[in-house]
Amino acid sequence: MGIDKDVSLAKSIKYRWVYEQADKSNIFQLNTSLGIPIPIAEALIKRGIISVDDAKIYFDVPLKDLINPFLLKDMEKAVKRITQAIFNREKICIYGDYDVDGITSTSLLYLFLKELNARVIYYVPNRLEEGYGLNKEAIDDIAGQNVDLMITVDCGITAVSEVAYAASKGIDVIITDHHQQGDELPVKAYAIVNPMQFDDNYPFKHLSGVGVAFKLLMALRYHLHNSTDYKYSLPNLKKYLDIVTLGTIADVVPLIGENRIFVKHGLKMLSEKSSRVGLEELKKITGLTNVSLNASHIGFIIAPRINAVGRMGCSDRGVRLLITDDRNEARWLAEELDMENRYRQGIEKTILAESYAKIERHRLHEKYRGIVLYSEDWHPGVIGIVASRVVEKYFRPTIVITMENGLGKGSARSIPAFHLYDGLKDISELLVSFGGHKYAAGLKINAENIKTLQKEFHNIISSQLTDEDFIPEINIDAIVTENQVNDELIQWLNKMRPFGSGNSEPIFLMKGLRKYQQFFYIGKDKKHIKGFLEKNGKVFQVIGYNMPEYEQILKKSEYFDIAFIPEYNTWLGEKTVQLKLKDIRESDEC
C-alpha cells in the first residue's frame, strides 16, 4: 500500500488530511499472526499496539492485567490508616469534587466503606458558593461532625493550607487525586495517593480521579483480606466498575491501559439491568434502556445530566442518585437531573449565541489568533462548554470570562498546536491565578486587565504558531481499497471499542470514487448529506453530518476522495455497510 506524496498536505474545504504509513513489517506481522485485516493492523500500530502480544492484550482486556495498587506511593500507609478507622469505629468523611469524576469517586468510596460497616459520610462543595477543592469553611463543618479521617477524591493535591488547617483541627487527611502537583505538596497530609507526584513510580499516569479511588479500594480489600482481625465477607470490586466507567469516560482521560480495562468491562455492566436503581432510572429517562451502551452514550447523554447539577450549583443529587437503593427516590432524582440538564442547555445556548454574535460583529476570529470573550451576565457553570464550542467552530484558542464585582473567572480551551497552560504562564503577570494543562485551563483576572489579555494572548499564540496550525487536521489511519471495506472490517472495528481519547475511532481514506447519483440533503435543517459513490463496480452509501458548506463541490465534481468511518446501517431489518463521512474533497484520480 503506497502513499501519495500529497496525502499529508491534502486539504478540503475545512481540513488538512494527514497520513503517515506505519511500518510494513509490523503490519504484516499482525496480519499473518492474528488474522487482523491490514487496515486494522495499521490503525493499531498508530495507537502504539505493535507486537502480537500487545494486540492480544488490547483485544482481550483481562481484569488480571490491572496493575498492583501498592506500587502507588503512600498506598500501604493509606490503607492501614483506613483499616484502623474501620476497626476503631472512627468517623470518615469522603470529600469530593463537583464534576462527574468527583461524584463517582465520592459514591464509589462511600458505597464500599458502607459495605464494610464503616462510619462514613461525604461532602461535595457547592461550585458557585465554595468553588473547586477544599475550603476552610467546609473543613469547619466537617470538624463539627466529629470526623477523625478525611479522604479527598479527585482533589486535594494543591490544597496546602487547607490540609494543614484540617490537621490543626485533629483530622487526618488522605489525599487521592490525579491532577498535577504544584510547587509545594500538602506536607500535613497523612498520605498522598496520586500517580502524578513527581517521585511516584506508578507505571500508568492516565488514571482519572475515580480510577485512583478504585486503586485505593483494590489495596484496601487486599489488606483486609489478609488481616487476621477482619472476620466479615468482603465486597466484590467488579460490581463497582459501572461507576468507575462513568467517571473515567466523563473525565476524558485516554482510554488506554487500565482505563481501557475499566471501561471495556464497565460498559457491559452499564448495558445490562443494573442493581443501581439510580442508573436504571437515568437510562429510562434518556431512552437508553435495553441499549448496548458505548462511550458516546455515557459521554454525551448520561454524564452531562450528572454534571449539570454540579455546573449549576449543588452536586449532592448526583451522589444521591448513585448511592440510593430507593426506586422512588431514584426516579425523582433522575427527573431532577434531566430537568437541570435542560435548564443548563438553555443557558448554554443563549451564551453561545451571544458569543458567536460578538465574534462575528467584531471579526475577532480574523483579527486575533486567540479569542477572548467576557460578560457580566454569563453563568460560570457553562463557560467551559461555551469555550469548547467556540474552539470547534473557529479553531482558535479561546478564553471565556464571566465577571463579578470586578473579578473575572475564566475557562480556556485550546487547539492541538498550542499548549494552553504554558501560554498562560508566559502572560501570568496579567492574571490573579490560573491552572490547567495543554488543552484546558481556568483563570482569574481583574477586569481592567481583560483588554490587555486579548492583545497578549494573541501575541503569544502568534509567536508560536504558523498559519497551517489554524487548519484543523484529520488524521488518516489507513488508505483502503474498495474491497477492504466489508463486514470483516466493521467487525474488527467493533472489537477495538471502546473508542475515546487515546483510542479514537479509526478514520480511513479511499480515493477516486465516482458519483453514482446526485447527493441530496436530509434532516430538519437540510444540513446532512446523503448519496452513493462507486469504485470499480462496488457501490457505497455515504452519509455526512453537518456538511452544508460542501454543496457546490458535491454538485460540480464527479470524482471524490473520502475520509470516513465504516458502519452498519439497519433499515427495516436489513443491515448494510454505510460510510460515515468525516470529510470529502474533489479527487484528481479518475
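Every chain is numbered on its own, with residues counted from 1 as its sequence reads. Per-residue local features are limited, in this predicted model, to residues with pLDDT of at least 70; the limit for side-chain atom pairs, both in listing and counting, is 80 or more; totals at the level of whole chains, interfaces and linings are taken over all residues. Side-chain numbers here rest on the full set of heavy atoms in the structure, without hydrogens or water.

Asker: Help me get a handle on the overall build of the chain, residues and values and all.
Answerer: Looking only at helices and strands, one finds 21 helices and 19 strands in the chain. Atoms considered for the radius of gyration are the C-alpha atoms alone. The globule rule reads 2.2 Å times the number of residues to the power 0.38. Its C-alpha atoms give the chain a radius of gyration of 26 Å, near enough to 25 Å, the size a compact globule of 590 residues would have. Considering only C-alpha atoms, the chain reaches an extent of 80 × 60 × 45 Å along its principal axes. Counting all 590 residues of the chain, 54% fall into the buried class. Accessible surface for the chain amounts to roughly 26300 Å². Of this, 48% is attributable to carbon and sulfur atoms. Charge separation in the chain, taken as the distance between the mean sites of 75 positive and 79 negative side-chain charges, equals 3 Å. Helix numbers and strand numbers start at the N terminus; a helix is a DSSP run of H or I with at least 4 residues, a strand a run of E with at least 2. For every residue, the accessible area (1.4 Å probe, protein chains only) is compared with the maximum for its type, and the residue is labelled buried under 20%, exposed over 50%, or partly exposed between those bounds. Where accessible areas are quoted, they stem from the Shrake-Rupley method and a 1.4 Å probe; at the residue level, only the protein chains shown are allowed to cover. Positive: Lys, Arg. Negative: Asp, Glu. His and the chain ends are not part of the count. Taken as the charge location is NZ of Lys, CZ of Arg, CG of Asp or CD of Glu.

Asker: Tell me what's going on with the sheet that holds strand S3 (residues 119-123), and back it up with residues and numbers.
Answerer: Picture the strands of a sheet paired through backbone hydrogen bonds; they go either parallel or antiparallel. Two strands form a pair only when DSSP identifies at least two bridges running between them. Strand order in the open sheet formed by five strands is S3-S2-S4-S5-S6, with parallel pairing between adjacent strands. Looking at the sheet topology across the chains shown, the edges are occupied by S3 and strand S6 (191-193). In this sheet, neighbouring strand axes are inclined to one another by 20 degrees on average, regardless of whether the strands run parallel or antiparallel. Of the strands in this sheet, strand S2 (91-95), S3 and strand S4 (149-153) touch helix H5 (residues 100-115), which is tilted by about 170 degrees from S3. Every axis corresponds to a line fitted to the C-alpha atoms, with the helix fit spanning only the stretch in contact, and the corresponding angles, defined between N-to-C directions, vary from 0 to 180 degrees. Contacts are assigned to residue pairs with any non-hydrogen atoms lying within 4.5 Å of each other.

Asker: I'd like a rundown of the sheet that holds strand S7 (residues 371-375), residues and numbers included.
Answerer: Across the sheet, which stays open at both edges, the five strands sit in the order S7-S8-S9-S11-S10 with mixed pairing between neighbours. Of all the strands in the sheet, just S7 and strand S10 (433-436) have a single pairing partner and so form its edges. Adjacent strand axes in the sheet meet at a mean angle of 15 degrees, parallel and antiparallel pairs treated alike. Bridge analysis of S10 against strand S11 (residues 440-446) gives four bridges, and the strand direction is antiparallel. Across the sheet, the residue bridging to glycine 435 is glycine 442, located in S11. Packing against the sheet, helix H17 (residues 383-394) makes contact with S7, strand S8 (398-404) and strand S9 (407-413), and its axis sits at approximately 45 degrees to S9. Sitting on the sheet, helix H19 (residues 450-462) touches S7, S8 and S11, and the angle it makes with S7 is about 165 degrees.

Asker: Can you lay out the side chain of glutamate 42 for me, pointing to particular residues and giving the numbers?
Answerer: Position of glutamate 42 among the secondary structure elements: in helix H2 (residues 38-46). For glutamate 42, a relative accessible area of 0% puts it in the buried group.

Asker: Requested: an account of the layout of surface pockets, with residues and values cited.
Answerer: Put simply, the second largest pocket is a space of about 300 Å³. Surrounding the second largest pocket, 18 residues form its lining, Ile49, Ile57, Tyr58, Gly257 and Arg260 being those nearest its centre. For the lining of the second largest pocket, the leading source of residues is helix H11 (residues 257-271), giving four residues. Residue composition of the lining of the second largest pocket, grouped by class: nine nonpolar, four polar and five charged. Residues are said to line a cavity or pocket when one of their atoms sits within 4 Å of a point; the points come from a 1 Å grid over protein atoms alone, cavities being sets where a 1.4 Å probe fits but cannot get out and pockets being open sets with protein on both sides within 12 Å along at least five of seven lines. Grid points are joined across faces, edges and corners, and a volume is the space filled by probe spheres set on the points. For this scheme, ten residues count as nonpolar: Ala, Val, Leu, Ile, Met, Phe, Trp, Tyr, Cys and Pro. Four count as charged, namely Asp, Glu, Lys and Arg, and the remainder, Gly too, count as polar.

Asker: Provide a residue-level description of the packing of helix H1 (residues 24-34) against helix H3 (residues 52-60), including the pertinent values.
Answerer: Running from N to C, H1 and H3 cross one another at 60 degrees; their axes reach a closest spacing of 10 Å. By the angle between their directions, the pair H1 and H3 is classed as oblique. When you trace H1 past H3, the crossing you get is right-handed. Listed contacts from H3 to Gln29, Leu30, Ser33 and Leu34 of H1 are Val52, Ala55 and Lys56. Angles below 35 degrees are treated as roughly parallel, those above 145 as roughly antiparallel, those between 65 and 115 as roughly perpendicular, and all remaining angles as oblique. Handedness of a crossing follows from how the near helix is turned relative to the far one, being left-handed for an anticlockwise turn of less than a right angle and right-handed for a clockwise one.

Asker: Give me the nonpolar core: which residues, what numbers.
Answerer: Note on terminology: a nonpolar core comprises buried Ala, Val, Leu, Ile, Met, Phe, Trp, Tyr and Cys residues joined through side-chain atoms within 4.5 Å. Residues Leu113 and Phe214 are the most contacted members of the largest nonpolar core, which totals 77 residues. Ranked by residues supplied to this core, first place goes to helix H9 (residues 209-225) with ten residues. Among all residues touching phenylalanine 214, those that are not within four sequence positions of it are Leu66, Leu108, Leu237, Tyr240, Leu241, Val244 and Phe262. Of all hydrophobic cores here, the second largest spans 41 residues; its members include Ala55, Phe508, Leu579 and Ile584.

Asker: Run through the pattern of salt bridges, naming residues and quoting values.
Answerer: Basic side-chain nitrogens of Lys or Arg form a salt bridge, by our definition, when they fall within 4 Å of a carboxyl oxygen of Asp or Glu. Summed over all chains, the structure comprises 37 salt bridges. Two residues, glutamate 90 and arginine 81, come together in a salt bridge whose shortest N-O distance is 2.8 Å. For arginine 81, a relative accessible area of 3% corresponds to the buried category. For lysine 169, the salt bridge is made with aspartate 140, and the minimal N-O distance between the two is 3.5 Å. Pair noted here: lysine 169 is in the loop between helix H8 (160-168) and strand S5 (172-176) and aspartate 140 is in helix H7 (residues 136-144), with a separation of 29 residues, a long-range link. A single network of salt bridges, built from pairs that share partners, joins Glu281, Lys284, Arg327 and Arg331.

Asker: If you had to explain the packing of aromatic side chains to someone new, which residues and values would you point to?
Answerer: Stacked, tilted and edge-to-face pairs are distinguished by plane angle, under 30 degrees for stacked and over 60 for edge-to-face with tilted covering the rest, among Phe, Tyr and Trp rings (Trp via its six-membered ring) whose centres lie within 6.5 Å. A complete count under the given rule lists twelve aromatic pairs for this structure. Ring plane angle 75 degrees and centroid distance 5.4 Å describe the contact between phenylalanine 59 and tryptophan 492, whose orientation is recorded as edge-to-face. Residue phenylalanine 59 is located in helix H3, and its partner tryptophan 492 is located in helix H20 (residues 487-495); the two are separated by 433 residues in the primary sequence. Owing to a relative accessible area of 17%, phenylalanine 59 belongs among the buried residues under this scheme. Between tyrosine 110 and tyrosine 122, the ring centres sit 5.5 Å apart and the planes meet at 85 degrees, which makes this aromatic pair edge-to-face. Of the two residues, tyrosine 110 is situated in helix H5 and tyrosine 122 in strand S3; the sequence distance between them amounts to twelve residues. Take tyrosine 110: its relative accessible area is 15%, and that puts it in the buried class. Counting every residue linked through ring pairs, the aromatic cluster contains Tyr58, Phe59 and Trp492. To sit over a ring, a charge needs its Lys NZ or Arg CZ within 6 Å of the ring centre and within 35 degrees of the ring normal. Between the NZ or CZ atom of lysine 77 and the centre of the ring of tyrosine 190, over which it lies, the distance is 5.3 Å.

Asker: How would you sum up H20? Please name residues and give values.
Answerer: Those residues of H20 lying buried are Leu489, Ile490, Trp492 and Leu493. Down the axis, H20 shows its buried residues gathered within 165 degrees of arc, on one side only. If you follow the buried residues of H20, they end up packed against H1, H2, H3, strand S14 (508-515), strand S18 (559-571) and strand S19 (574-586). The backbone nitrogen of glutamate 488 has a side-chain oxygen 3.3 Å away, supplied by the residue at the start of H20, namely asparagine 486. By arc we mean the arc of the directions from the helix axis to the C-beta atoms, nothing more. Polar contacts, as counted here, are pairs of nitrogen or oxygen atoms within 3.5 Å of one another; within protein the pair requires one atom able to donate a hydrogen and one able to accept it, and residues that are adjacent in sequence qualify only if both atoms are side-chain atoms.

Asker: Which residues make up the environment of tryptophan 378, and what are the values?
Answerer: Position of tryptophan 378 relative to the elements: it lies in the loop between S7 and H17. With a relative accessible area of 3%, tryptophan 378 lands in the buried category. Along the chain, tryptophan 378 and aspartate 65 lie 313 residues apart, while their C-alpha atoms are 46 Å from each other. In this view, tryptophan 378 contacts Ile351, Glu354, Ser355, Lys358, Leu373, Ile383, Val400, Ile401 and Thr402; residues no more than four positions away in its chain are not counted. Looking at tryptophan 378, its side chain comes within polar contact range of the side chain of glutamate 354, at 2.7 Å.

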